[in-house]
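Structural characterization, general
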Amino acid sequence: MVKLLAILGDYYHPAEWAKESLEEAVRTNFGREEVQLVFGSYETLKHELLDQPDGVILFKENRLNPTDELVRDWMTEDLASEITRYVQKGGGWLAWHSGLASYSSESGYTKMLRGSFLYHPEKHQVVKYSTIEKNSFLPGPSFFEFSDEHYFVQCDEANTNVFLQSESIDGQAVAGWSHSLGKEGYVV
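Now for a look at the structure at hand. These numbers were taken from a predicted model, which means no experiment stands behind them.

The element strand E3 (residues 55–59) is largely enclosed, with a buried count of five among its five residues. Here strand E1 (residues 2–8) runs beside E3; their pairing, made up of five bridges, is parallel. Within E3, the residue paired with Leu-8 across the bridge is Phe-59. Both E3 and strand E4 (residues 92–95) contribute to a ladder of four bridges, which runs parallel. From the neighbouring strand, Ile-57 faces E4, where its bridge partner is Leu-94. The handedness of the E3 to E4 crossover, carried by helix H3 (residues 77–88), is right-handed.

As paired strands, E4 and strand E11 (residues 185–187) are joined by two bridges and run parallel to one another. Looking across to E11, one finds that Trp-93 is bridged to Val-187.

Among the secondary structure elements, Asp-54 is positioned in the loop between helix H2 (45–49) and E3. By relative accessible area, which is 41% here, Asp-54 ends up partly exposed. With 51 residues separating them along the chain, Asp-54 and Lys-3 place their C-alpha atoms 5.3 Å apart. In this structure, Asp-54 is in contact with Met-1, Val-2, Lys-3, Tyr-86, Gly-91 and Gly-92, ignoring residues within four places of it in sequence. Only 2.7 Å separates the side chain of Asp-54 from the backbone nitrogen of Lys-3, close enough to count as a polar contact.

We now examine the sheet that holds E4. Strand order in the open sheet made by the nine strands is E2-E1-E3-E4-E11-E10-E9-E6-E7, with mixed pairing throughout. Both outer strands of the open sheet, strand E2 (35–40) and strand E7 (143–148), are each paired with one neighbouring strand and no more. In this sheet, neighbouring strand axes are inclined to one another by 20° on average, regardless of whether the strands run parallel or antiparallel. In the sheet, E1 pairs with E2 via six bridges, with the strands oriented parallel. Paired with Ala-6 across the strands is Phe-39, a residue of E2. Against the sheet, helix H1 (residues 15–29) contacts E1, E2 and E3, and its axis sits at roughly 170° relative to E2.

Let us now look at the side chain of His-179. Topologically, His-179 is positioned in strand E10 (residues 171–181). Polar contacts involving the side chain of His-179 include one to the side chain of Thr-160, which spans 2.8 Å. Leave out the neighbours within four places in its chain, and His-179 touches Met-112, Leu-113, Arg-114, Asn-159, Thr-160, Gly-185, Tyr-186 and Val-187.

Attention now goes to H1. For H1, with 15 residues, the first-to-last C-alpha span of 21 Å sits near the 21 Å given by 1.5 Å per residue. Among the residues of H1, Ala-18, Leu-22 and Val-26 are the ones counted as buried. Along the axis of H1, the buried positions cluster into a sector of 65°, meaning they face one direction only. Across H1 from its buried face, at more than 90 degrees, point the exposed residues Trp-17 and Thr-28. Residues of H1 that are buried in the fold lie against E1, E2 and E3.

Here is what the cut-offs are and how they apply
Residues numbered from 1 in each chain as written. Predicted model: local features only at pLDDT ≥ 70, side-chain atom pairs only at ≥ 80, totals over all residues. Heavy atoms only, no water. Buried < 20%, exposed > 50% of the residue type's maximum accessible area, 1.4 Å probe, protein only. Helix = DSSP H or I, 4+ residues; strand = E, 2+ residues; numbered from the N terminus. Pairing = 2+ DSSP bridges. Right-handed = clockwise from strand over helix to strand, strands pointing away. Contact = heavy atoms within 4.5 Å. Polar contact = N/O pair within 3.5 Å; in protein donor to acceptor, adjacent residues only side chain to side chain. Axes fitted to C-alpha atoms, helices over the stretch in contact; angles between N-to-C directions. Expected span 1.5 Å × (residues − 1). Arc of directions from axis to C-beta.

Put into structure tokens, the structure is as follows:
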């Protein structure tokens, strides 16, 4: 059985929406006996990494209170180091949507990811996603589209495997990348 730890939800992205989507993805693609989905919190993440889950899914931006005058972040450099160590020891890490947002492009976390969020246009648009066939490990169609926040990112394309591109009226961007890290760890 594969154990996945999910840290979900922030000010702009309710945890319940992400939880429903994630549960549906697991239910559709795997049997219940194949995947154990565990939900945690940013406060307990460091401790939960000690249990060496097979993978961690982060769908939470760094800012705890983005509309306040004094904004607080939850990701410390110490925690970023623990996350990197976890992945280097063979853990998997998926930075899903807001799991890229508001993390400093110079932090240990984004260096591990080899990319970071830059911005998204204010208005949702139809975003077209297409896989890069030679690099993709995604099952299913090579093209899909829906109304979305079109994330624009910086990505160290020379040192990762770009497998997904996005395009909208606002432009084109890298939308998915992956690479191995350390002994057998994997970052998506």
